[in-house]
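# Descriptive analysis of the structure
These are the residues of each chain, in order.
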Amino acid sequence: MQRITSHLIPECSFSRIAFGLWRLTDWNYSPRERANLFEQMLDLGVTTFDLADIYGDYRCEQFFGEGLKLQPELRARMEIVSKCSIRLAGAASGARINHYDTDAAHVRKSVETSLRDMGIEQMDLLLLHRPDPLMDADALAAVLEQLVAEGKVKHLGVSNFLPHQTDLLQSRLSLPLVANQIEVSLLHSQPMFDGQLDHCQQHRIIPMAWSPFAGGRLFAGDDADSVRVRKCLQQLCEARGLNADDGVMQLALAWLLRHPSRMVPVLGSGNPARLVAALAALEMELDREEWFELLRAGRGRDVD
Ligand SMILES: NC(=O)c1ccc[n+]([C@@H]2O[C@H](COP(=O)([O-])OP(=O)(O)OC[C@H]3O[C@@H](n4cnc5c(N)ncnc54)[C@H](OP(=O)(O)O)[C@@H]3O)[C@@H](O)[C@H]2O)c1
């Protein structure tokens, strides 16, 4: 599979499509089945695995680690992405209310817990999950650089950061922020217009697109936007002679891949057959008019 290499750090690269494990604890896979799924993805060239400390109410990284432990040799073939900075209320975090925390002590503790839970020595990419209004950029940059110097984290990035928030943190770091993971899909195309993807392209930051299928709404949603996009995707499938079940998914993904920011969609399905079918999007090309037809369906209006 094609890879996306950072212009900022040439040895930092990701698979063109990443595998999101947010829903891993919902999938009811045994540790052995998880290991098999990870291996299947790796064999297909999907080497970038996306997690976060809070996923599955703080249990996802342990589930991931239990699978990986059965086939530790898979680690060397993966890029493991994880995130910190959100604290969910509850016993697992000891927090009274949901909040963000980019203080050095929390960031360090979160990274060290993630490494322990996953049973790995280093994460390939650490993302600040959400921008924190109480972020002290100097103090945060210092702890991030220490974690890199200690070998606990290889590369740094952000998630859901607006351009000015990324610039602020970058201004205090000597290491580049290589990625910004943001929500992008046919039902959420604002980042193409509000400067987020322009900023990525300008600074050669790799955008990772979360919920590329709008969390499944694209296929099952009964709201007017979902219905309109689905109809447009189905018409394009018909015109191309594609099986509608897989074709809708593939064209929705091909639409993201066509964007010049070279975004990496993070697929969240736990269904191996769907994941395999989705990868055929890599071979599909949308011409400009098809691309704008889908954009129009997603936004519900023509361009001005
Ligand atoms: N940085 C952030 O703030 C943030 C936020 C949210 C998510 N993420 C990351 O992004 C990843 C992907 O997010 P997501 O799970 O919302 O992505 P998604 O790929 O848009 O949605 C996945 C959901 O869609 C369903 N689905 C996929 N294909 C389908 C089809 N053909 N027909 C019907 N349903 C279908 C899946 O069900 P099946 O499993 O049954 O296929 C699953 O429930 C997460 O795992 C996480 O790593 C990051």
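This is a predicted model, so every value here is computed, not measured.

### Details of the pairing of strand 11 (residues 206-210)
Burial analysis of strand 11 places 4 of its 5 residues in the buried class, which makes it a mostly covered element. Pairing of strand 10 (residues 177-183) with strand 11 involves 5 bridges; the strand directions are parallel. By the bridge assignment, Gln181 is partnered in strand 11 with Met208. Once the chain exits strand 10 it traverses helix 7 (residues 196-203) before rejoining the sheet at strand 11, and the crossover so formed is right-handed. Strand direction decides the pairing type here: strand 11 and strand 12 (residues 264-267), joined by 2 bridges, are parallel. Note that in strand 12 the partner of Ala209 across the bridge is Pro265.

### So, the site of the ligand
Residues in close proximity to the ligand total 27 residues, the closest being Arg23, Asp50, Ser211, Ser269 and Arg274. Interatomic distance of 2.9 Å between a side-chain N/O atom of Ser159 and a nitrogen atom of the ligand. The backbone of Gly215 places a nitrogen or oxygen atom 2.9 Å from an oxygen atom of the ligand. Notes on the ligand: free accessible area 920 Å², of which the protein chains cover 86%. If you map the ligand onto the pockets, it falls in the largest pocket. Looking at side-chain class alone, the shell around the ligand contains 10 nonpolar, 12 polar and 5 charged residues.

### Some details on the pattern of salt bridges
On inspection of all chains with the given rule, the structure shows 16 salt bridges. Here Asp225 ties to Arg228 by a salt bridge, and the two come within 2.7 Å at their closest N and O atoms. One end of the pair is Asp225 and the other is Arg228, both in helix 9 (residues 224-240) and 3 residues apart, which spans about a single turn. Assessed through its relative accessible area of 31%, Arg228 is described here as partly exposed. When salt bridges that share partners are traced, they join Arg108, Glu112, Glu150 and Lys152 into one network.

### Let's talk about unusual backbone geometry
A positive phi angle, near 115 degrees, is found at Ser85, a position not held by glycine. For Ser85, the location among the structural elements is in the loop between strand 5 (79-84) and strand 6 (86-87). The backbone phi angle of Ser211 is positive, close to 50 degrees, even though this residue is not glycine. Looking at where Ser211 falls in the secondary structure, it is placed in the loop between strand 11 and helix 8 (217-220). A relative accessible area of 15% means that Ser211 is categorised as buried.

### What to know about the side chain of Asp117
Inspection of the secondary structure assignment puts Asp117 in helix 4 (residues 104-118). The exposure class assigned to Asp117 is buried, which follows from its relative accessible area of 15%. A distance of 3.2 Å separates polar atoms of two side chains, one belonging to Asp117 and the other to Arg116.

### Focus: the nonpolar core
Of all hydrophobic cores here, the largest spans 84 residues; its most connected members are Phe64 and Leu169. With 9 residues, helix 10 (residues 244-257) is the single largest residue contributor to this core. Discounting chain neighbours no more than four positions away, the residues touching Leu169 are Leu128, Met135, Ala137, Leu140, Ala141, Leu144, Val158, Phe161 and Leu177. Counting residues in each nonpolar core, the second largest holds 14 residues, with Phe14, Ala18, Leu127 and Met208 among its members.

Rules used throughout
Residues numbered from 1 in each chain as written. Predicted model: local features only at pLDDT ≥ 70, side-chain atom pairs only at ≥ 80, totals over all residues. Heavy atoms only, no water. Buried < 20%, exposed > 50% of the residue type's maximum accessible area, 1.4 Å probe, protein only. Helix = DSSP H or I, 4+ residues; strand = E, 2+ residues; numbered from the N terminus. Pairing = 2+ DSSP bridges. Right-handed = clockwise from strand over helix to strand, strands pointing away. Near = heavy atom within 4 Å. Polar contact = N/O pair within 3.5 Å; in protein donor to acceptor, adjacent residues only side chain to side chain. Areas by Shrake-Rupley, 256 points an atom, 1.4 Å probe, with all protein chains shown as cover. 1 Å grid on protein atoms, 1.4 Å probe; cavity = no way out; pocket = protein on both sides within 12 Å on 5 of 7 lines; lining within 4 Å. Sits in = over half its atoms within 2 Å of the grid points. Nonpolar A, V, L, I, M, F, W, Y, C, P; charged D, E, K, R; others polar. Salt bridge = Lys/Arg side-chain N within 4 Å of Asp/Glu carboxyl O. Core = buried A, V, L, I, M, F, W, Y, C linked by side-chain atoms within 4.5 Å. Contact = heavy atoms within 4.5 Å.

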